[in-house]
Amino acid sequence: MAYQVKAADREWADGIYKKLNSKLKAECARMGDWIPYIPKDGRYHDLETPEKIFWWTNGFWPGMLWQMYNASKDEVFRGTAEAVIKRFDRALEMYEGLHHDLGFMWLHTAVADYRLTGNKDSRRRGLHAANLLAGRYNPAGRFIRAWNGDRTGWIIIDCMMNIPLLYWASRETDDPRFKMIAQNHAHTTNDILVRADGSCNHIAILSPETGECLELPGGQGYASGSSWTRGQAWGLYGFVLSYLHTLDKKYLDTSKKIAHYFIANSAKNEWLPLVDFRAPAEPVKYDSTSAMIGACGLLELADQTGEFEAPLYYDAAIKLLRTCEKNFADWNTETDGIMGKGTGSYHGGPADTEVPIIYGDYFFTEAILRILGKNFLIW
Ligand code: GLY
């Protein structure tokens, strides 16, 4: 680690860790093997329909539990995570409903279990998921297709966070094919989705026959050409992770470029995270999840850079975390969800606008444990 955590930040993070322990244990007691997403009237509920087993966010709750188990060795977290991850087997059996989010879903569940406990069944589950992700690869265009149906040539920036499943599978099987697919996809993403100024497109539609870029739609941001903040965070964190797994410096440079753009725009808004950096000034819409993801990516960048660069990334991560915690966090153990003001997409409805969302809490937890040196790399 090239940076020193400041004493005041450690003290702050230690206080947050204690609150996380109390709040997450209260949630475990209420939920059993439920798979939560967004609380309604202050309470989580289980998946609404069997088809929701394919939903991309399902891994974040067990991921948070594995992080807390690793940090505390408290069996409540392990027991709850184990109960939840058995439910994911149905998604592998009925695989046609899965998209490219296999990394988000299985890195946080089975692969985390295998890494921490050595569970061989979970190793098999993780490799099964990696093979399904590799099966989405388009060799002509050198990309992993994002979604299903007629969207054969669609790629999205979020997928940079799914490909660590392929890096893991390559190491686990001693077979470079998974890593080759991941790297080819990362190169295509770098060339097509990351703009020269460090901002990112969310989506590109490529020709599935040749890989030629046909269209750059707006996706979950304000509009085509705007700058969806969570997409920038996926790119920032995703590229430094590809660097970590390959040591290809191009990925580190891309992550730094996105980080510089992210930091400049976050500072401009006093570290309060907007849904899109390039949307009209009114209405003001926040998305805390982008700040939590960005903070984790910045802390990883601080780990991967030298003593003269790391403080820039470390200080920005701390500013995002402390500002959001102060303004948006709910520590009442009687209500579910911690980090408020998460937003699914710029044009979404009230159900996922400025509400606590499970992945905001996951990345908040990961960031706090990173500051305390208690995290493990789930990616
Ligand atoms: N599509 C994943 C996200 O909303 O960030």
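Now for a description of the structure that goes with this document.

Calculation criteria
Residues numbered from 1 in each chain as written. Predicted model: local features only at pLDDT ≥ 70, side-chain atom pairs only at ≥ 80, totals over all residues. Heavy atoms only, no water. Helix = DSSP H or I, 4+ residues; strand = E, 2+ residues; numbered from the N terminus. Rg over C-alpha atoms; globule rule 2.2 N^0.38 Å. Buried < 20%, exposed > 50% of the residue type's maximum accessible area, 1.4 Å probe, protein only. Contact = heavy atoms within 4.5 Å. 1 Å grid on protein atoms, 1.4 Å probe; cavity = no way out; pocket = protein on both sides within 12 Å on 5 of 7 lines; lining within 4 Å. Points joined across faces, edges and corners; volume = space filled by probe spheres on them. Nonpolar A, V, L, I, M, F, W, Y, C, P; charged D, E, K, R; others polar. Core = buried A, V, L, I, M, F, W, Y, C linked by side-chain atoms within 4.5 Å. Near = heavy atom within 4 Å. Polar contact = N/O pair within 3.5 Å; in protein donor to acceptor, adjacent residues only side chain to side chain. Areas by Shrake-Rupley, 256 points an atom, 1.4 Å probe, with all protein chains shown as cover. Axes fitted to C-alpha atoms, helices over the stretch in contact; angles between N-to-C directions. Parallel < 35°, antiparallel > 145°, perpendicular 65-115°, else oblique. Left-handed = near helix turned anticlockwise from the far one by under 90°.

1. Notes on the overall build of the protein
- Counting its secondary structure elements, the protein contains 13 helices and five strands.
- Relative to the compact-globule value of 21 Å for 379 residues, the protein shows a C-alpha radius of gyration of 19 Å, a close match.
- The principal-axis extents of the C-alpha atoms in the protein amount to approximately 55 × 45 × 40 Å.
- Split into buried and exposed, the 379 residues of the protein put 59% on the buried side.
- The contacts of the protein with a sequence gap of at least 6 include a subset with a gap of at least 24, amounting to 70%.

2. Some thoughts on the layout of surface pockets
- Of the pockets and cavities examined, the largest pocket occupies roughly 370 Å³.
- Among the elements that take part in the lining of the largest pocket, helix α5 (residues 102-117) stands out by supplying three residues, more than any other.
- Its residues assigned to classes, the lining of the largest pocket shows 12 nonpolar, six polar and five charged.
- One number sums up the size of the second largest pocket: a volume of about 310 Å³.

3. As for the nonpolar core
- In terms of nonpolar packing, the biggest core is built from 129 residues, with W106, L166, F363 and W379 touching the most fellow members.
- At 10 residues, helix α12 (residues 310-328) tops the list of elements feeding residues into this core.
- In terms of nonpolar packing, the next biggest core, distinct from the first, is built from six residues, A146, W147, I156 and I205 among them.

4. A few points about the site of the ligand
- What surrounds the ligand is the set W56, D158, Q220, W228, R230 and W234.
- A distance of 2.6 Å is found between an oxygen atom of the ligand and a side-chain nitrogen or oxygen belonging to R230.
- Interatomic distance of 2.9 Å between a side-chain N/O atom of W234 and an oxygen atom of the ligand.
- Surface burial for the ligand is 92%, taken as the share of its 200 Å² of free accessible area covered by protein chains.

5. Notes on empty space enclosed by the protein
- Tallied over the entire structure, the rule returns one cavity of 30 Å³ or more.
- Its volume calculated, the largest cavity comes out at about 50 Å³.
- Around the largest cavity sit 13 residues that line it, and R195, N201, H202, G218 and S226 are the ones nearest its centre.
- Looking at side-chain class alone, the lining of the largest cavity contains four nonpolar, eight polar and one charged residues.

6. Here we look at the side chain of K23
- With respect to the secondary-structure elements, K23 resides in helix α1 (residues 7-31).
- Aside from chain neighbours lying at most four places away, what touches K23 is D330, W331, N332, T333, T335, D336, G337 and I338.

7. Notes on the packing of α1 against helix α3 (residues 75-85)
- Interhelical geometry of α1 versus α3 gives an angle of 40° and a closest axis separation of 10 Å. One finds that α1 runs oblique with respect to α3. Crossing hand, α1 versus α3: left-handed. Every residue of α3 that contacts α1 at N21, L24, K25 and C28 is listed here: V76, F77 and T80.
- Its residues assigned to classes, the contact of α1 with α3 shows four nonpolar, two polar and one charged.

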